[in-house]
Structure formats: C-alpha cells, structure tokens
Amino acid sequence: MASAPLWLEHPSSLRHDTGAHPERAARMLAIERELSARGWLGFERLTSPAVARATLEAVHTARYINGIEEVSVGGGGHLDLDTVVSEDSFEAALHAAGGAVQMVDLLLDRATPYAFSAHRPPGHHALRSRAMGFCLFNSVAVAAQHALDARGLERVMILDWDVHHGNGTNDIFHDSDRVLFVSIHQSPLYPGTGPAGDVGSGLGQGFTVNLPVAPGSGDSVFCSLVDRVAVPLAQSFAPQLVLISAGYDAHRDDPLGECAVSEAGFARMARSMRWVGETLEAPVGCVLEGGYSLDGLASSVAATLAALGEPVAEPDLDGDASPLVLAARERLAHWWPELSLR
Ligand SMILES: [Zn+2]
C-alpha cells in the first residue's frame, strides 16, 4: 500500500516576507525550479494544512502564539535582530508546523515510507516561548510531540544536520527520554549553544547528543558522525519514527556557515538514515531548516530526495573512527554502552 514518497508544501511559504534577508522566498523558488526540472524525483506534492491550535500548544505557550499572531496581524515587525515577521508570517508558520505534523501522520499511517516537509520559516531555533534565528514555531518539535501525544509513540529520533545548533529542539526535549535529539553543528557559530557536554537533563540525560564540529568540516566529518555515532545510537534507541531537521547551510557554498558539505555528503547522510528507518521499520521524514546558497540548497535538497529513493545500503558502520567519532562514542558510552569501542 506504500505509494509514492510525499513532498509537503504550502504557498504561504512564499508570502512570509523577510525583506532583504538570507532566509527569503527565493529559497523555495530555487528548490521548486530544481525539482520541477527533475520531475520532482517521483515525489507526490501535497498542500499542507495549518497546524491545529492544540497541537501547537503542546510545544509553544498560548501567550507566545498569540504574540506572534498579534505582530503578524498588526503588519509585522522585528522580533529580534534577525527574526522578521510580516503580515503573512503567522499563516506561513502555521502551515510550516502543519506540514510537518501532516507528514508524521502520513508516515505513521504507512501512506509513504519517506517524505519531505518544505516550508518557510524554518523552526529549529524556536524555543517554547521565544522566536530566534529566523524561526517562529519549532515545526520538527511540534511534529515529534504530536507523534508522542496523538499517535502514542514512545521513541522518536531527531537528527539535525543544519550547520547551526538546533537549540530550540534541544531545549524543548532536554528532559525527555522519549525523544533522542542528535545535532551535528559548526562551533563556534550562532547561536553558540550545543557543546558536547550538553547531554540533556533529568530523565533525558543521554537523550540529547551534541556533536559540534570545527569550521571547514566537510563530508567525511559529517558522514562519519552520522554513520559511526547517529546510526549506532539509533540502533540502540530503536526509534519508531525518524525525523531529520534538514538544513543545508553546512553546504560548501553557504554564505552563513563555514563548513564544506557537498551534495554527495547530504545524499550519504540521507541514505544512512533511510537504512536506519528500513532496518528498524521506522518511517523517515525530513523538515526543511536553513540553507542560504540558492544553488547549493536546491541541488542538495534534490540530492536528498534522490538518495532517499535509492536501494537501501548499509552505512559505513566499521570504517576508521576519527578522533571526533572516538571521543563522541566514549562520552556517550556512559548512557549507551553499545557505543563503547573498547
Ligand atoms: Zn542553519
């Protein structure tokens, strides 16, 4: 019954008007142009609904949501130095979260084995009651929480490969042992959070996994952290759903990040997570985050979609472990003994 992979989108993404800003509507148009030239790589396009208010309130406070709505209805404004709200931003953010939630429902209904929810604004910096870093509502967090609350899941994994630390997602699930949050991000870089020593709190200790990498890191660093750390973690945690905070600002051409990931690198990371999904019988869904080189973004999203559809192949689970991989596994073995290489 599993049919075509699904692509979730909504026209309001184009109306979230940030002015002269790297996070701009041209990003969506560049992706659309690339995918359209490639027949959408077999993905079926769906229009995303707005998120239900109660679903959004499971992550964000009512007061915060009302505040975003008021600024938006009032014509917009700056929430901080780089986070802009326009008249149509509230609607766009509702559909960005709604698309991620809809994607989770379709994945869990087994309507599709993998899917991509592509909207603006991005979400992973948004905290429960604060907008940050171009983000209003934390779509991936809202979708993960929905999977727990409405669909009765017990274990959701979120891999965040955006070049920036997903501080919002990190904090929202900080004390949860039901969401395994794994972030690979450049350090130092905005927002300055996500040191390796931030491992979660309370019951959630060990379920927040921060993997900071140096500026200049490319495919081998990102892919080895996925294959040798994120994949073994997934094998131990056994998620029932895998979500990817898919940002593309670790691309070598990105103007905001200083990393050097190529299209092939994003493809390899996607392929590894699809293998995880296949072997654990967990569906895999991507939620678009950043990515500010229009060409790099468009070609990398296309590479991700193509990779998700390729025959599933085992990742490089036993390759040489870099010092970064060794250090991460040694640290994590405290909670995940299977990761010990000794
Ligand atoms: Zn980013």
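Structure shown above.
Rules and cut-offs
- Sequence order sets the numbering: in each chain, residues are counted from 1 along the sequence as written.
- At least 70 in pLDDT is required for a residue's local features to be given in this predicted model, at least 80 for side-chain atom pairs to be given and counted, and no such filter applies to totals for whole chains, interfaces and linings, which use all residues.
- Where side-chain values are given, they derive from all heavy atoms of the structure, hydrogens and water being excluded.
- Helix and strand labels come from DSSP, where a helix needs a run of H or I of at least four residues and a strand needs a run of E of at least two; each type is numbered from the N terminus.
- Note on method: radius of gyration uses C-alpha positions; expected globular size equals 2.2 Å times residues raised to 0.38.
- Any residue under 20% of the maximum accessible area for its type is buried, any over 50% is exposed, and the rest in between are partly exposed; the area is computed with a 1.4 Å probe on protein chains only.
- Two residues form a contact once any of their heavy atoms are found within 4.5 Å.
- Using the Shrake-Rupley algorithm and a 1.4 Å probe, accessible areas are obtained, with residue cover drawn only from the displayed protein chains.
- The rule for pairing is simple: two strands pair if DSSP sees at least two bridges between them.
- Metal donors were taken as nitrogen, oxygen and sulfur atoms no farther than 2.8 Å from the ion, or 3.2 Å where the ion is Na, K or Ca. Water is excluded, so coordination may look unfinished.
- Geometry assignment treats four donors as tetrahedral when all angles are between 85 and 135 degrees, treats four as square planar and six as octahedral when opposite donors are over 155 degrees apart and all others between 65 and 115, and treats everything else as irregular.

**Q** Account for the overall build of the chain, with residues named and values stated.
**A** Scanning the chain from terminus to terminus reveals 10 helices and 10 strands. Scaling as 2.2 N^0.38, a compact globule of 342 residues should have a C-alpha radius of gyration of about 20 Å, and the chain matches this with 18 Å. Along the three orthogonal principal directions, the C-alpha set of the chain runs to about 60 × 45 × 40 Å. Counting across all 342 residues of the chain, residues that qualify as buried make up 59%. Sequence separation of at least 24 residues holds for 79% of the intrachain contacts in the chain that already meet a minimum separation of 6. Carbon and sulfur atoms make up 51% of the accessible area of the chain, which amounts to about 12,300 Å² in all.

**Q** Residues and numbers for the pairing of strand β8 (residues 208–213), please.
**A** For β8, the tally of buried residues reaches 5 of 6 residues, placing the bulk of the element in the interior. One ladder, built from 6 bridges, connects strand β7 (residues 179–186) with β8; its direction is parallel. Looking at β8, one finds that Gln186 is bridged to Val213.

**Q** Help me get a handle on the coordination of the zinc ion, residues and values and all.
**A** With distances of 2.0 to 2.8 Å, the protein atoms coordinating the zinc ion are Asp162 (OD), Asp162 (OD), His164 (ND1) and Asp249 (OD). In this structure, the zinc ion is surrounded by 4 donor atoms whose angles at the metal cover 52 to 154 degrees, and the resulting shape is irregular. Of note, the donors binding the zinc ion are all from one chain and are spaced D-x1-H-x84-D. Residue Asp162 is found in the loop between β6 (156–160) and α6 (167–172), and its partner Asp249 is found in the loop between β9 (241–246) and α8 (263–280); the two are separated by 87 residues along the sequence. Classification of Asp249 as buried rests on a relative accessible area of 0%.

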